[in-house]
Amino acid sequence: MNSKLAKIIIIFSLAFLTGVNFVVFPALGTAFTDSSLFRLSASQFGNLFIPQVICIIISCLAAPFLVNKWGPKTILAIGLLLMIVSTGALWMLQYYMNDASLLFPALMILVAFTGSGFGLSITTLNPLAASLFEDKKSSAILILQFLVGLGTSTAPLMMNLIGNVRNWMYLPGCIFIVVSIAFVTFLLLKLEKGTFFELPGHFKIPSKLWLFFITIVLYGCTEGTFGSFGAIILKNQGLDNNKASLGLSLFWGGIALNRLLFGIFSRKNDLSHLFLFSPLAVAGSLLMLLLALNVNIIVLIMFLIGFFMGSIFPGSIGWGTVEFPTLSVVVSGFLMAANQVGTGIITNVLGSLSNQTNTIFQFLIVCMILICLLLFYLKRNSKIKEAF
């Protein structure tokens, strides 16, 4: 298969499935911490994501150079295969539930596989999408990240539909089958390296790109809080397991919807100011969540937080790709790694502070205000109008 339409369909479908696969472990948070199943403590659950974050950071930083050497198809295939192995092995753990000494180390290894696979896959998918739409690179990345976000909202929703936490094994089982089918289809696709994936012989990270890095580290703290500990934090707010899973699903759904709308409307409209002020809208939503008492209002606010966050991360990648066209793959890997640095920092801290909800929300509000200030600083003499 070598038609452009086939490439678009397969590449963007893989983005969705990568998102589904990425949050399988956070979506199973209630199963992992259930005293009758995996029996992990809150601290162990937090530590579970340390190898994932480390592996994502390493793979995101390595991917641009690996793609430059071996091409996007090989690296993407390796990334997909790692995720397939992880979900397949996770499904098999249902047969070893009585061996408590095995479960936690096994989960650590599988999380590392998922992290490595995700890092290689998503870092390659971003510039692949941009290369298919040369005149609409930022929109293509936003749409791709919309599908990633849609995928991340699907996994916890699937867990919500499964209902009984004892049926957790259906989640990795279904994901394993679907991603395996997509992997076989992808292998039939013809992808050439092309000049888009070539790196300059000698380059250094521009100072402006470091500011993007800091911005996304702060963003990663917020995404990591809700992505990894969202269900637990919502339970601390008084929600039951089903409502907490619904709130987490709506959070990811809000992120996905925002990315879709930005990707569609930024083609013909100047959305740069909406992008610049979106962190303040997130800060306001976090303040409302801090004060909210009604369960239904809390669930709605989770959607708003996700919605206003949606464009910050992929928008920064798209903006960076426009600002540094010769470093598009580096921008993707560098900012993906930044997101995971922020996620890693916050998940490591929240392992012991997940019950201190007020402090967490106050910290995230400060992060969003700093992001807004950094974005306005980066706006000076920039190509933001071209990106949005």
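Residues numbered from 1 in each chain as written. Predicted model: local features only at pLDDT ≥ 70, side-chain atom pairs only at ≥ 80, totals over all residues. Heavy atoms only, no water.

1. Overview of the packing of helix H12 (residues 272-291) against helix H16 (residues 357-379)
In the contact formed by H12 and H16, the axes pass within 8 Å of each other and the chain directions differ by 170°. Taken together, the axes of H12 and H16 lie roughly antiparallel to each other. Facing H12, whose interface residues are Phe275, Leu276, Phe277, Pro279, Leu280, Val282, Ala283, Leu286, Leu287, Leu289 and Leu290, H16 presents Asn358, Phe361, Gln362, Leu364, Ile365, Met368, Ile369, Ile371, Cys372, Leu375, Phe376 and Lys379. Taken together, the residues of the contact of H12 with H16 break down into 20 nonpolar, two polar and one charged. (Axes fitted to C-alpha atoms, helices over the stretch in contact; angles between N-to-C directions. Helix = DSSP H or I, 4+ residues; strand = E, 2+ residues; numbered from the N terminus. Parallel < 35°, antiparallel > 145°, perpendicular 65-115°, else oblique. Contact = heavy atoms within 4.5 Å. Nonpolar A, V, L, I, M, F, W, Y, C, P; charged D, E, K, R; others polar.)

2. Focus on the nonpolar core
Core analysis: the largest hydrophobic core is formed by 128 residues, its most contacted members being Ile11, Phe32, Phe38, Leu90 and Trp168. With 14 residues, the single largest contributor to this core is helix H10 (residues 207-236). Other than its neighbours up to four places away in sequence, Phe32 contacts Phe25, Phe38, Arg39, Leu40, Phe45, Leu48, Leu90 and Leu107. (Core = buried A, V, L, I, M, F, W, Y, C linked by side-chain atoms within 4.5 Å. Buried < 20%, exposed > 50% of the residue type's maximum accessible area, 1.4 Å probe, protein only.)

3. Quick word on helix H14 (residues 312-323)
The end-to-end C-alpha separation of H14 is 16 Å, in line with the 16 Å expected for 12 residues at 1.5 Å each. In terms of burial, H14 is a largely internal element, 12 of the 12 residues being buried. Along H14, the residues that are buried comprise Ile312, Phe313, Pro314, Gly315, Ser316, Ile317, Gly318, Trp319, Gly320, Thr321, Val322 and Glu323. (Expected span 1.5 Å × (residues − 1).)

4. Remarks on the packing of aromatic side chains
This structure, assessed with the given rule, holds 17 aromatic pairs. Taken together, a centroid distance of 6.0 Å and an interplanar angle of 85° make the contact between Phe275 and Trp319 edge-to-face. Of this pair, Phe275 sits in helix H12 while Trp319 sits in helix H14, and the two are 44 residues apart along the sequence. (Phe/Tyr/Trp six-rings, centres within 6.5 Å; stacked < 30°, edge-to-face > 60°.)

5. Structural notes on the packing of helix H1 (residues 4-22) against helix H7 (residues 100-132)
Any two packed helices are characterised by the angle at which their axes cross and by the distance between the axes. Two numbers describe how H1 lies on H7: the axes approach to 10 Å, and their chain directions differ by 150°. In terms of orientation, H1 and H7 fall into the roughly antiparallel class. In the packing of H1 onto H7, the handedness of the crossing is left-handed. Between H1 and H7, the contacting residues are Lys4, Lys7, Ile8, Ile11, Phe12, Leu14, Ala15, Thr18, Asn21 and Phe22 on the first element and Thr114, Phe118, Ser121, Leu125, Leu128, Ala129 and Leu132 on the second. (Left-handed = near helix turned anticlockwise from the far one by under 90°.)

6. Section: a nonpolar patch on the surface
A cluster of nonpolar side chains, namely Phe277, Leu280, Val366, Ile369, Leu370, Leu373 and Phe376, defines an oily patch on the protein surface of about 600 Å² accessible area. Those elements giving two or more residues to the nonpolar patch turn out to be H12 and H16. In terms of residue count, H16 provides more of the nonpolar patch than any other element does, five residues in total. Mapped onto the fold, Phe376 is located in helix H16. (Patch = residues over 30% accessible without salt bridge, like charges linked within 9 Å, V, L, I, M, F, W, Y side chains within 5 Å. Areas by Shrake-Rupley, 256 points an atom, 1.4 Å probe, with all protein chains shown as cover. Salt bridge = Lys/Arg side-chain N within 4 Å of Asp/Glu carboxyl O.)

7. A word on the environment of Leu189
Tracing the backbone shows Leu189 in the loop between helix H9 (170-187) and H10. For Leu189 and Leu120, which are 69 residues apart along the polypeptide, the C-alpha to C-alpha distance reads 18 Å.

8. A few points about helix H6 (residues 72-92)
The first and last C-alpha atoms of H6 sit 31 Å apart over 21 residues, in line with the 30 Å expected at 1.5 Å per residue. Along H6, the positions that sit buried rather than exposed are Pro72, Ile75, Leu76, Ala77, Gly79, Leu80, Met83, Ile84, Ser86, Thr87, Gly88 and Leu90. Looking at the buried residues of H6, the elements they touch are H1, helix H2 (24-27), helix H3 (29-32), helix H5 (50-70), H7 and H9.

9. Section: the pattern of salt bridges
Tallied over the full model, the rule gives one salt bridge. Notably, a salt bridge pairs Glu323 with Lys208, separated by 3.7 Å at the nearest N-O pair. Of this pair, Glu323 sits in helix H14 while Lys208 sits in helix H10, placing them 115 residues apart in sequence. Since its relative accessible area comes to 13%, Glu323 is described here as buried.

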